[in-house]
Amino acid sequence: MIDYHFTPLDSLDALNQCIREHPAVLIWFTGPDCRVCQDLKPKIGQLMAEHYPQLALAQIDCAATPDAAAQQQVFSVPTLLIFLDGQEFIRKSRSFSPAQLASELERPYGLYFGE
């Protein structure tokens, strides 16, 4: 099993800095009582570690940091946002599969990173 780590972001400033500093980043928006989040997050983390290792991983607890969720117009959890060069590229909310995400990410990731 390949190791992955979602960096916790605890403020709107931390979110904005993360998006600015990483050319490619996945932001995972979650909530403390979200069972779907808890089930899906390890699968997404493993997928990213195995196939998209240059994508930084971060997470935001929407209950603890509602201003960050509001800025990104996140109204349900889980929500996953992928940014390339500071621009939102992919948005997935509620129910989605890792395979669906992988099929949407494969081509742009390969073009972006030259793989």
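This text goes with the structure placed above it.
Below, the structure is looked at part by part. Counting from 1, residues in each chain are numbered in the order their sequence is written. Given that the model is predicted, a residue must reach a pLDDT of at least 70 before its local features are reported, and side-chain atom pairs must reach 80 or more before they are shown or counted; all residues, however, enter totals for whole chains, interfaces and linings. Side-chain numbers here rest on the full set of heavy atoms in the structure, without hydrogens or water.

1. A closer look at the overall build of the chain
Quick note on the threshold: The secondary structure listing takes helices from DSSP runs of H or I that are at least 4 residues long and strands from runs of E that are at least 2 residues long, numbered from the N terminus. Here the globule rule is a power law, 2.2 Å times the number of residues to the power 0.38, and the radius of gyration is based on C-alpha atoms. Classification of residues uses two cut-offs on accessible area relative to the type maximum, computed with a 1.4 Å probe and protein chains only: under 20% is buried, over 50% is exposed, and between them is partly exposed. In this analysis, two residues are considered to be in contact whenever any of their non-hydrogen atoms come within 4.5 Å of each other. Accessible surface area values rest on a Shrake-Rupley calculation with a 1.4 Å probe, where residue burial reflects the displayed protein chains alone. Charged residues are defined narrowly, with Lys and Arg counted positive, Asp and Glu counted negative, and His plus the chain ends left uncounted. Positions of charges follow a simple convention, taking NZ of Lys, CZ of Arg, CG of Asp or CD of Glu.
Check the secondary structure of the chain and you find four helices and five strands. For the chain, the sequential pattern of α-helices and β-strands runs β-α-β-α-β-α-β-β-α. What you see for the chain is a C-alpha radius of gyration of 13 Å, in line with the 13 Å of a compact globule of 115 residues. Projected onto the principal axes, the alpha-carbon positions of the chain cover approximately 35 × 30 × 25 Å. A burial count over the chain gives 45% of its 115 residues as buried. Intrachain contacts of the chain at a sequence separation of at least 6 include 66% that bridge at least 24 residues. Split by element, the accessible area of the chain, about 6300 Å² in all, is 50% carbon and sulfur. Measuring between centres, the 8 positive side-chain charges of the chain sit 7 Å from its 14 negative side-chain charges.

2. A look at the environment of Ala68
Relative to the helices and strands, Ala68 is located in helix α3 (residues 66-71). Through-space distance from the C-alpha of Ala68 to that of Ala58 is 13 Å; in sequence the pair is 10 residues apart. With residues near it in sequence (within four places) discarded, Ala68 still touches Leu12, Leu15, Phe29 and Ile60.

3. A few points about the state of the cysteines
Structurally, a disulfide amounts to a covalent bond that connects the sulfur atoms of two cysteines. Put simply, the rule reads: Disulfide: a pair of cysteine sulfur atoms within 2.5 Å of each other.
Considering all chains together, one arrives at one disulfide under this definition. In this model, Cys34 is linked to Cys37 through a disulfide, with the two sulfur atoms separated by 2.3 Å. In this structure, the disulfide formed by Cys34 and Cys37 twists by about 80° around the S-S bond and is classed as right-handed. The burial state of Cys34 is the same as that of Cys37; both residues are buried. In this model Cys18 remains outside any disulfide bridge; the closest cysteine sulfur is found in Cys62, 15 Å from its own. Cys18 gets classed as buried once you look at its relative accessible area, which sits at 10%. Distance from the sulfur of Cys62, which forms no disulfide, to the nearest cysteine sulfur (Cys37) is 8.0 Å.

4. Some thoughts on the packing of aromatic side chains
How we decide: Stacked, edge-to-face and tilted are the three classes for Phe, Tyr and Trp ring pairs, Trp counted by its six-membered ring, which pair at centre distances within 6.5 Å; planes under 30 degrees apart are stacked, over 60 edge-to-face, the rest tilted.
One pass over the structure, following the stated rule, counts six aromatic pairs. Both rings, one in Trp28 and one in Phe96, keep their centres 6.4 Å apart while their planes meet at 70°; by these two values the pair is edge-to-face. Remark: Phe96 occurs in the loop between β5 (87-93) and α4 (98-113) and Trp28 occurs in strand β2 (residues 24-30); sequence separation between them is 68 residues. By the burial criterion, Trp28 is buried, and Phe96 matches it.

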